[in-house]
Amino acid sequence: YTTEHTLSLHDALPISQIRLRYPWLLTLFLLALGLPLLLGLTGPVGEVRRWPGVTEAYAAIDQLATDDLVWIYWAYDPATAGEMDLLALPLVDHLLERNAQSTIISLLPTGLATAERLWREAASSLLVEQGIGIREGRTVFVEGAYLPGGAGALALLASAPEDALWGYTERATSWLAFSSTQRPALSVVVAAHAEDVQQWLEMVQTETQLPVIAFTGAGADPIVRPYLASGQLAGLVSGFDGAAAYQQLRDRRFGRLPSTRYTAQLIAQNWGHIALILLLLLGNLRALWLGGKRG
């Protein structure tokens, strides 16, 4: 073998060794996330970091009076329901508790069905006690409309609602009566992607001048957060951490025990963080032990 060939084999050795460690890393993460759920561990839980926008979003919903109108742009379907259901459920619970009149608008063919499923799930699990619960005789899923045509339908909705909602006059009356009767209290965007929030702000909010709060996926947060800083958004709840913080505010408001659903998720997340810290410590200890040697 030549010297060059020997060096190339030596350089390739550490890469193969690192690759052999990947299964162990994945196994450690899976154990850290799965064992707390399987064993029913009760900690560590800790306090969820409340990012700017969560308290404002909670206050906007909590200030709603009975029968206040709320327009909701529902921009997710079963494809992103795994993350978004956890995010939207505290919002739906809160709207039902406040007995608000919600009108759902969606550009997705299965968006309304997704919203209705979550509405019924929230209604069936609400606690019935003083100040909490659905008013007797209230329809669970009030109004809704599916608008084909993509983002252009939003501009038509804002400028000519009678044309946009043609055929939905019975399920979207609050939109059609916007100029002549009770003014909606606010609008809410529930979206997995940042562009849905941007489109609503640019095409609808500029016409209606209603305050907007957004419930978005974690990946949308960096893009959407400047709209909160500029005042275009009145509140922002993003990702699981935002939903858990929102849920904690609601539980404290009524003096309830923490939600078991979100507590279990927080415990699993914290154990994942512990596993990550352990890996970092072990990696640094190994580097110190080898004295900076490679291979």
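Anything mentioned here points back to the structure above.
These lines cover the structure that appears in this document, whether it is placed above or below. (Residues numbered from 1 in each chain as written. Predicted model: local features only at pLDDT ≥ 70, side-chain atom pairs only at ≥ 80, totals over all residues. Heavy atoms only, no water.)

**With respect to the nonpolar core**
In this structure, Ile61, Ile72, Trp74, Tyr76, Leu95, Val188 and Val190 are the most contacted members of the largest nonpolar core, which totals 36 residues. Looking at this core, the elements that each hand over two or more residues are helix H2 (54-62), strand S1 (69-75), helix H3 (81-97), helix H4 (111-125), strand S4 (186-191), strand S5 (212-216) and helix H10 (239-253). Broken down by element, the residue count for this core peaks at nine residues, all from H3. (Core = buried A, V, L, I, M, F, W, Y, C linked by side-chain atoms within 4.5 Å. Buried < 20%, exposed > 50% of the residue type's maximum accessible area, 1.4 Å probe, protein only. Helix = DSSP H or I, 4+ residues; strand = E, 2+ residues; numbered from the N terminus.)

**Topic: H2**
Every buried residue belonging to H2 is among Val54, Ala57, Tyr58, Ile61 and Asp62, and all of these are buried. Projection of H2 onto a plane perpendicular to its axis shows the buried side chains occupying an angular sector of 130°, all on one side. (Arc of directions from axis to C-beta.)

**A look at the packing of aromatic side chains**
A ring pair, where both rings are aromatic, is described by two values, the distance of the centres and the angle of the planes. Counted under the stated rule, the structure contains five aromatic pairs. Centre to centre, the rings of Tyr73 and Trp200 are 5.2 Å apart; their planes meet at 15°, and the pair counts as stacked. Of the two residues, Tyr73 sits in strand S1 while Trp200 sits in helix H8 (residues 194-208), which places them 127 residues apart along the sequence. On the basis of relative accessible area, Tyr73 is assigned to the buried category, the value being 2%. What makes Trp200 buried here is its relative accessible area of 1%. Members of the aromatic cluster, each reached through a chain of ring pairs, are Tyr58, Phe215 and Tyr246. (Phe/Tyr/Trp six-rings, centres within 6.5 Å; stacked < 30°, edge-to-face > 60°.)

**Side note on the pairing of strand S6 (residues 235-238)**
The side chains of a regular strand alternate, first on one face of the sheet and then on the other. Neither face of S6 is exposed, since Gly235 and Val237 on one face and Leu236 and Ser238 on the opposite face are all buried. As defined by bridge partners, S5 adjoins S6 across four bridges and the pair is classed as parallel. Following the sheet pairing, Phe215 is matched in S6 by Val237. Running through helix H9 (residues 221-229), the crossover from S5 to the neighbouring parallel element S6 is right-handed. (Pairing = 2+ DSSP bridges. Right-handed = clockwise from strand over helix to strand, strands pointing away.)

**Comments concerning the side chain of Gln205**
Mapped onto the fold, Gln205 is located in helix H8. Judged by relative accessible area, which is 17%, Gln205 ranks as buried. Engagement of the side chain of Gln205 in a polar contact is seen with the backbone oxygen of Leu210, the distance being 3.5 Å. Not counting residues up to four positions away in its chain, the partners in contact with Gln205 are Trp200, Leu210 and Val212. (Polar contact = N/O pair within 3.5 Å; in protein donor to acceptor, adjacent residues only side chain to side chain. Contact = heavy atoms within 4.5 Å.)

**Concerning the sheet that holds S6**
Strands sit in the order S3-S2-S1-S4-S5-S6 across an open sheet of six strands; the sheet is parallel. For this open sheet the edge positions go to strand S3 (143-146) and S6, each flanked by a neighbour on one side alone. Neighbour-to-neighbour, the strand axes of this sheet turn through a mean angle of 15°, independent of strand direction. Where S1 lies against S4, six bridges are found, and the strand directions are parallel. Bridge pairing in S4 links Trp71 to Ser187. Each of S4, S5 and S6 touches H2; the most contacted strand, S6, lies at about 115° to it. Strands S1, S4 and S5 of the sheet are contacted by H8, whose axis makes an angle of about 165° with S4. (Axes fitted to C-alpha atoms, helices over the stretch in contact; angles between N-to-C directions.)

**Considering the pattern of salt bridges**
All told, the structure shown has four salt bridges when counted by the stated rule. Put simply, Asp85 and Arg117 hold a salt bridge, and the shortest N to O gap is 3.0 Å. Taken together, the residues Asp85 in helix H3 and Arg117 in helix H4 connect sequence positions 32 residues apart. With relative accessibility at 12%, the residue Asp85 sits in the buried group. We note a salt bridge from Asp221 to Arg225, for which the minimum N-O separation is 2.7 Å. With Asp221 and Arg225 both in helix H9, this residue pair falls four residues apart, about one helical turn. Using a relative accessible area of 16% as the deciding quantity, one classes Asp221 as buried. (Salt bridge = Lys/Arg side-chain N within 4 Å of Asp/Glu carboxyl O.)

**Notes on the packing of H8 against H9**
The N-to-C vectors of H8 and H9 enclose an angle of 30°; their axes lie 8 Å apart at closest approach. The angle between H8 and H9 falls in the class roughly parallel. Judged by the twist between their axes, the crossing of H8 over H9 is left-handed. Residue-level inspection shows Ala194, Val197, Gln198, Leu201 and Glu202 of H8 in contact with H9, the latter providing Ile223, Val224 and Tyr227. (Parallel < 35°, antiparallel > 145°, perpendicular 65-115°, else oblique. Left-handed = near helix turned anticlockwise from the far one by under 90°.)

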